[in-house]
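# Architecture and fold: a report
The primary structure of each chain is shown beneath.
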Amino acid sequence: MIAPLETFPSEFERQVTLAFGPGGLLARSKDFEYRPQQQSMATAVARACENRSHLIVEAGTGVGKSLAYLVPAIFHALAENRKALISTHTINLQEQLFHKDIPLVQKLLPTEFKAVLLKGRQNYLCPRRLERAMRQSGELFANREQEELQRIWEWSHRTHDGTLSDLDPAPDPQVWLQVCSEPHVCTARTCGLGVECFYQRARKEAETAKVLVLNHSLFFNFLAGAETANEERGYLFHNDFIIFDEAHTLESVAARHLGLEISHGSLRYLLHRLFHPRTQKGIVAALRSGEAMKLVLDAEEEADLFFDKLERSLDFKRSKELRLREPGIAQNSLDLPLTRLYRNLADAAREIDDEVFKAEVQEAARRVEGLRVGLAEFIDQKREDHVYWVERHEKREARLVLTAAPIEVAAQLRTLLFRPENTAIMTSATLSVGDGLRYFVNRIGGEEAETLQVDSPFDYERQMRVFIPRKMPEPAARETYENALAHWIRHFVSMTQGKAFVLFTSYVTMQRLADSLAHFFRSERITCFVQGGALPRHRMLQRFKEDRDSVLFGTDSFWQGVDVPGEALSNVILTRLPFAVPDHPLTQAKCERIIAQGGDAFREFSLPEALLKFRQGVGRLIRTQQDKGIVVILDNRVLTKPYGKAFLSVLPKCPVEVVEG
């Protein structure tokens, strides 16, 4: 029942509330189903937009949150001449919004509006860079790469949007990086006039659009790179406002962009783009400068020595990450060769008449200098409130990665996002850990935001059942533990004839279980897809959906952001409660800070993080009102440990059966 007009603070709120009612605007769609939870969320979004305030909403699966924020946001953008930015974490949701949800709103509204899906720069071909690459192909590319360049050239005359998704098969990355859009090379000044530049065209369309769809990573790139207006009343454009869907990933994405990462591989990759010693090709070869070639080779030799010496000096023990607690981990022997190379490239650029090639060399110089400055910052640990570590990747030739990350991002996000007179709206199906939204709010600095929680409309008591074996060995007794895992996986996979996600917290354990159960799956004629194999993640997921009786073994990335509605996924098996690895440097630093402030690191960080990921894993199962299935928890700590009640309490209200045996 809709409240009378006088109970609404504004006509706009009333308009939005009515739109989501049984006889409202959305009811014109044949798929419309009245959901009071969706209506409540839409009203709250309308209020935040109109009041230029901030809002954080947890909306359970099935609420229809996309339309709950799109409709009021678009109403408001049109009425107040503002731009609505919609940011997601996954490509799947971006495409759903742009190709399904936004067109639905466009059909329902009497007023036309323009929406644009904006991708990261490197997804777009730059025709001026392509023309330059074709002219200098002999100096830049080996024979095989020249063939790939020719294929891209031919495709460039057929493509409509000039993006990677339109080029099949995907191009050689070495070649694509020489022809895609890059800052300082592909600019509005150089590519915006008289050239059909795909990225600059997309940027112009974004400026005139009322709705702009992008991802979290790109949002923070723009925010940091000042590629947009970034004016006082707005984030990326004057008078815009931002809605973050899949907001539970926001803290980790922000930390990555606000931190620092330098790897031996990325440095070698840049140097090989300048001059590859095997092929004798690259930007410096096009300069025809013997001195520059020598400086590149000197820098690469010193980089190999530096990282080799660094790796031999470190004791990783059995971990792949090693935390650095003091500055001065190594002598910065790379500073001088990188300085000399930067100066040579900067000087060479001044002598180049060709504007495009000049910009290429200038950008290469900037990248060399950026790596030099970043390496110095890392060695000297110049960033306050950051944790520093070295990561080793066994399977890579250039395998060391140097990382610095902020211990907390709340203070920075409080300044960047929760500005007065601006509007930031965040939503996800999983933000709470049994304390309202307090944990999430504190992690992202949103203390001044309004909060709202709306439950899922799904009938979990009818749709879902949870099974928990009473007895499970501890992983320390590896053979006994893995035998028990194999037993229960066989048992519950047989119950649903496949159709299962088996989610692990350990990649090694996953691989061993996949090997030990291979004969069982073959005998039952069940296909088992295992993350990390020959199939890329998206293809493996597609094959799983198509093969109705298959099983998928996955780790971290399959606990969240994966949508498999229908019978294809009828069983989610969680092999272990998803506590973060306690010895990861960032986890350590966060816990140490809580303890130093007199808090309980387990209760205030480790447990809430595990609860959020647990809710994400459970949430893979029921995606529509027709779905039915089981969730299996192969970790009896939910029964034996005091904190186990916290995990049981965040499950949807549904039957829970403790299994003996």
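Okay, so let's go over this structure. (Residues numbered from 1 in each chain as written. Predicted model: local features only at pLDDT ≥ 70, side-chain atom pairs only at ≥ 80, totals over all residues. Heavy atoms only, no water.)

Looking now at the sheet that holds strand 9 (residues 400-406). Within the open sheet, the four strands sit side by side as 6-9-8-7. Their pairing is antiparallel. Bordering the open sheet on either side are strand 6 (260-263) and strand 7 (321-324), each of which pairs with just one other strand. Shown here is a sheet whose adjacent strand axes are inclined to one another by a mean of 20°, direction ignored. Bridge count for strand 8 (residues 386-392) against strand 9 is seven bridges, and the pairing is antiparallel. Bridge pairing in strand 9 links Tyr388 to Ala404. Of the strands in this sheet, strand 6, strand 8 and strand 9 touch helix 15 (residues 290-313), which is tilted by about 75° from strand 9. (Pairing = 2+ DSSP bridges. Helix = DSSP H or I, 4+ residues; strand = E, 2+ residues; numbered from the N terminus. Axes fitted to C-alpha atoms, helices over the stretch in contact; angles between N-to-C directions. Contact = heavy atoms within 4.5 Å.)

What follows is about the sheet that holds strand 16 (residues 571-574). Read across the open sheet, the seven strands follow the order 14-15-13-16-17-12-18; overall the sheet is parallel. In this open sheet, the two strands that pair with only one neighbour each are strand 14 (528-530) and strand 18 (656-659). This sheet shows a mean twist of 15° between the axes of neighbouring strands, independent of strand direction. The pairing of strand 12 (residues 464-469) with strand 17 (residues 629-633) spans four bridges and is parallel. Pairing of Phe467 across the sheet is with Val632, part of strand 17. Where helix 26 (residues 601-618) meets the sheet, its contacts fall on strand 12, strand 13 (500-503), strand 16 and strand 17, and the angle it forms with strand 16 comes to roughly 155°.

Okay, the packing of helix 16 (residues 335-350) against helix 17 (residues 355-380) next. Two elements in contact, helix 16 and helix 17, have axes whose closest approach is 9 Å; the angle formed by their N-to-C orientations is 160°. As summarised for this structure, helix 16 and helix 17 are arranged roughly antiparallel, according to the angle between their axes. For the crossing formed where helix 16 meets helix 17, the hand is left-handed. Of the residues in helix 17, those touching helix 16 at Asp335, Leu338, Thr339, Leu341, Tyr342, Leu345, Ala346, Ala349 and Arg350 are Lys358, Val361, Gln362, Ala364, Ala365, Val368, Glu369 and Arg372. When the residues that make up the contact of helix 16 with helix 17 are grouped by side-chain class, the tally is 10 nonpolar, two polar and five charged. (Parallel < 35°, antiparallel > 145°, perpendicular 65-115°, else oblique. Left-handed = near helix turned anticlockwise from the far one by under 90°. Nonpolar A, V, L, I, M, F, W, Y, C, P; charged D, E, K, R; others polar.)

Most of strand 10 (residues 424-428) is tucked away: five of the five residues are buried. Alternating residues of strand 10 divide into Ala424, Met426 and Ser428 and Ile425 and Thr427, and every residue in both groups is buried. Here strand 1 (residues 55-59) runs beside strand 10; their pairing, made up of four bridges, is parallel. Its bridge partner lying in strand 10, Val57 is registered against Thr427. The pairing of strand 5 (residues 240-244) with strand 10 spans three bridges and is classified as parallel. Residue pairing across strands places Ile242 opposite Ala424, the latter belonging to strand 10. (Buried < 20%, exposed > 50% of the residue type's maximum accessible area, 1.4 Å probe, protein only.)

Treat this as a map of the structure, not an account of what it does.
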